[in-house]
Amino acid sequence: MRGLALEGGGAKGAFHVGALDAFFERGYRFDMIMGTSIGALNGAMVAEGEFDTLKRLWEQAAISKVADLDDIKFEQLMKGDYDRELIIYLVKKARQAISGRGLPMDKVRYLVDKYVDEQKLRSSDIDYGLVTVSVSDGWKPLELFKDEVPEGMLKEYILASAYFPLFNRPEIGGKRFIDGGMYNNCPVNPLIRRGASEVVAIRTGSNMPSVKVVDRTVKVLYVEPSESLGSTIDLRKERVGYNVRLGYFDALRAIDNLAGVKYYIEPVTVAEALRFAESLDGAVEDAVKKVLKVRGGRRRLIAALMEAAKEELNLPGNLDAAETLLAVLEYAAEKSGVERFMRYSLPEFFGALKEKWKPDSGDATRSYAIAAAIMNNITLRRED
C-alpha cells in the first residue's frame, strides 16, 4: 500500500498542491493519507476526492480568507513598506489579538466547514489521518486515523491539527489542543505502522520537529522544496502561485530523478558530461588554460576546470564530473535569466543557455569567467 504524508507549514501548503498535481498526472494513487496542520486540511480534501476543488481553493488564497486582516495592508507588511497608517493598523490588530487571547479562527473554521464533508471523508476508500497534540493531557501527541476519531468530531480534530499558537484555540470536549507540528510535522511513521509499504512525503522546508522513520526498509520518496517557500503566513497571490509551480517541478525531479538543483534536466552520465567538455576546440582550450593557469593535456584541463568550479561555487568535493558541470551551467543559467520551470535535455539546456548568454564584463569573479569559458565555446552535439 502507498501512503502520502503532507508536512505542515501554513501558506507553504501551496507546495503540496503543485507536487500532487505531478503525481496524479503520472497515475499515482494513494491508499492512505496522513497530514499535519495545513497538511491535514489538504489531505482531507484529497482523501475526499476533491483535489480539483483544492486547487481552485489555493488559486483564490488570500490572507483575508483565513484571518481578519486586510489584503492591501498585508501586502505592505510583507514588503516592509511601513507608514504611519500601517503601524496604527497593526497596533490595533495586535491589541485585538491580545484581548481575544489570540487571533480568531472563525475564517479557518468556515473553510473547514465548507470544504470538508465528514461523511464523504469517512466513506472514502482512502484511509485518512492527522496529527495534533493534547495540551490538557500533558502535551500528549495524537496521531489519529479517521476510525479513531469520534463520529461528528472529524472537522474539530482537523482544526486542532492546525491550532497554531497565535490562534485563539477553542477547547474540544473540554480539552485544549495545539498544532500537530509541535510533535511531528511530517507524519511518515503512522503510515508505516498502518501498513504502508511505500510512502511519498511532501515537505515544506519547515523547521518544526519531525520524528525519524521507524522502519528503514520502507521506501520513502521525499519531495523537498528546492528553495525557501517563504513565510508561513505569506498568502499573497504571486507567492502562492510560485510555490504551486515549484511543487510541480520539484515533484517531477523526485519522480523522474532529474538532474540539477534549481533547473530540471534529464539525467546526465559522467561520460556525457565529459564528452561535452572535451568538445572544446584548440583556440578555446588555450584560452581556458590561461584563465585557469593550467599546463598539460585536455584531461588535465578538464580536471582543473572541475576543481576550480567546485572551489569557486562552494560545491561539495564528492561531486562527479556531470554534477560539477551542471552546477556551473545552472549558475550561468540563473545569471542569464534562463527559464527555470521547464524540463530540459542536456543539449536543450545548453541551447537555452547559449541563446540567453550575455557575459557581464562588470562581473570579474573567477566562477563567472569559468562559466563564460564553457558556455561561449562548447560545441553542441546531439547523439546520433
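Residues numbered from 1 in each chain as written. Predicted model: local features only at pLDDT ≥ 70, side-chain atom pairs only at ≥ 80, totals over all residues. Heavy atoms only, no water.

1. Description of the overall build of the chain
How we decide: To qualify as a helix, a DSSP run of H or I must reach at least 4 residues; to qualify as a strand, a run of E must reach at least 2; elements of each kind are numbered from the N terminus. In this scheme, a residue with accessible area under 20% of its type's maximum is buried, one over 50% is exposed, and one in between is partly exposed, where area comes from a 1.4 Å probe on protein chains only. Between two residues, a contact is recorded if the distance between any of their heavy atoms is within 4.5 Å. Where accessible areas are quoted, they stem from the Shrake-Rupley method and a 1.4 Å probe; at the residue level, only the protein chains shown are allowed to cover.
Helix and strand content of the chain: 16 helices and nine strands. Counting only residues that meet the buried cut, the chain has 50% of its 384 residues in that class. Restricting the contact set of the chain to residue pairs at least 6 apart, pairs at least 24 apart contribute 68%. Split by element, the accessible area of the chain, about 18,700 Å² in all, is 51% carbon and sulfur.

2. Observations concerning the packing of aromatic side chains
For clarity, the cut-off: A pair of aromatic rings is counted whenever rings of Phe, Tyr or Trp (Trp by its six-membered ring) have centres within 6.5 Å, and the orientation is called stacked for planes under 30 degrees apart, edge-to-face for over 60 and tilted otherwise. The criterion for a charge sitting over a ring is simple: Lys NZ or Arg CZ within 6 Å of the ring centre, and within 35 degrees of the ring normal.
Scanning all chains against the criterion turns up 12 aromatic pairs. For the ring pair Phe-249 and Tyr-264, a centre distance of 5.3 Å and an interplane angle of 45° mean the geometry is tilted. Highlighted residues: Phe-249 in helix H10 (residues 237–256) and Tyr-264 in strand S8 (residues 264–265), separated in sequence by 15 residues. Look at Tyr-264 and you get buried, because its relative accessible area is 0%. Pairwise contacts between aromatic rings join Phe-23, Phe-24, Tyr-28, Phe-30 and Phe-51 into one cluster. Between the NZ or CZ atom of Arg-194 and the centre of the ring of Phe-145, over which it lies, the distance is 4.2 Å.

3. Description of the pattern of salt bridges
The line we're drawing: By definition, a salt bridge exists where a carboxyl oxygen of Asp or Glu is found within 4 Å of a side-chain nitrogen of Lys or Arg.
Overall, the coordinates contain 25 salt bridges when judged by the stated rule. Across the pair Asp-137 and Lys-175 runs a salt bridge whose closest N-O atoms are separated by 3.0 Å. Residue Asp-137 is found in the loop between strand S3 (127–134) and strand S4 (140–145), and its partner Lys-175 is found in the loop between helix H8 (154–161) and strand S5 (177–179); the two are separated by 38 residues along the sequence. Between Arg-343 and Glu-266 there is a salt bridge whose closest N-O contact spans 2.7 Å. Placement of Arg-343 in strand S9 (residues 343–344) and of Glu-266 in the loop between S8 and helix H11 (270–277) is noted, with a sequence separation of 77 residues between them.

4. A closer look at a nonpolar patch on the surface
The criterion, for reference: Exposure above 30% relative accessible area and the absence of a salt bridge qualify a residue for a patch, where like charges join within 9 Å and nonpolar side chains (Val, Leu, Ile, Met, Phe, Trp, Tyr) within 5 Å.
Together, Tyr-82, Ile-87 and Val-91 line one region of the surface with nonpolar side chains, adding up to about 280 Å² of accessible area. Here Val-91 lies in helix H5 (residues 84–99). The exposure class of Val-91 is partly exposed, given its relative accessible area of 35%.

5. Focus: the packing of helix H2 (residues 38–47) against helix H3 (residues 51–59)
A pair of packed helices is characterised by two quantities: the angle between their axes and the separation of those axes. Heads up, the rule is: Inter-axis angles, ranging from 0 to 180 degrees, are taken between N-to-C directions of lines fitted to C-alpha atoms, where helices are fitted over the stretch in contact. An angle below 35 degrees is treated as roughly parallel, one above 145 as roughly antiparallel, one from 65 to 115 as roughly perpendicular, and anything else as oblique. Gly counts as polar in this scheme, as do all residues outside two lists: the nonpolar Ala, Val, Leu, Ile, Met, Phe, Trp, Tyr, Cys and Pro, and the charged Asp, Glu, Lys and Arg.
Two elements in contact, H2 and H3, have axes whose closest approach is 7 Å; the angle formed by their N-to-C orientations is 140°. Our classification of the angle between H2 and H3 gives oblique. Here H2 contributes Ile-38, Asn-42, Met-45 and Val-46 to the contact with H3, which in turn contributes Phe-51, Thr-53, Leu-54, Leu-57 and Trp-58. Its residues placed into classes, the contact of H2 with H3 shows seven nonpolar, two polar and no charged.

6. Quick notes on the side chain of Arg-340
Here is the rule we go by: Here a polar contact means two N or O atoms within 3.5 Å. Within protein one must be a hydrogen donor candidate and the other an acceptor candidate, and residues neighboring in sequence count only if both atoms are side-chain atoms.
Note that Arg-340 resides in the loop between helix H14 (321–336) and S9. Owing to a relative accessible area of 9%, Arg-340 belongs among the buried residues under this scheme. At a separation of 2.5 Å, a polar atom in the side chain of Arg-340 contacts the main-chain carbonyl oxygen of Lys-262. Not counting the four nearest positions on each side in its chain, Arg-340 is found in contact with Ser-226, Glu-227, Tyr-242, Leu-246, Val-261, Lys-262, Tyr-263 and Tyr-264.

7. Structural notes on H2
Burial runs high along H2: 10 of the 10 residues are buried. Ile-38, Gly-39, Ala-40, Leu-41, Asn-42, Gly-43, Ala-44, Met-45, Val-46 and Ala-47 are the residues of H2 that are buried. Gly-49 occupies a position one or two residues after H2 and carries a positive phi of about 85°.

8. A short note on the confidence of the model for the chain
Going by this rule: For every residue, the predictor reports its confidence as pLDDT, a number between 0 and 100.
Mean pLDDT for the chain: 83, with 82% of residues reaching 70 or above. Between residues 361–367, whose pLDDT stays under 50, and residues either more than four places distant or in other chains, the model counts 12 contacts. Note that pLDDT drops below 50 for residues 375–384; the model gives that stretch 30 contacts with residues more than four away or on any other chain.

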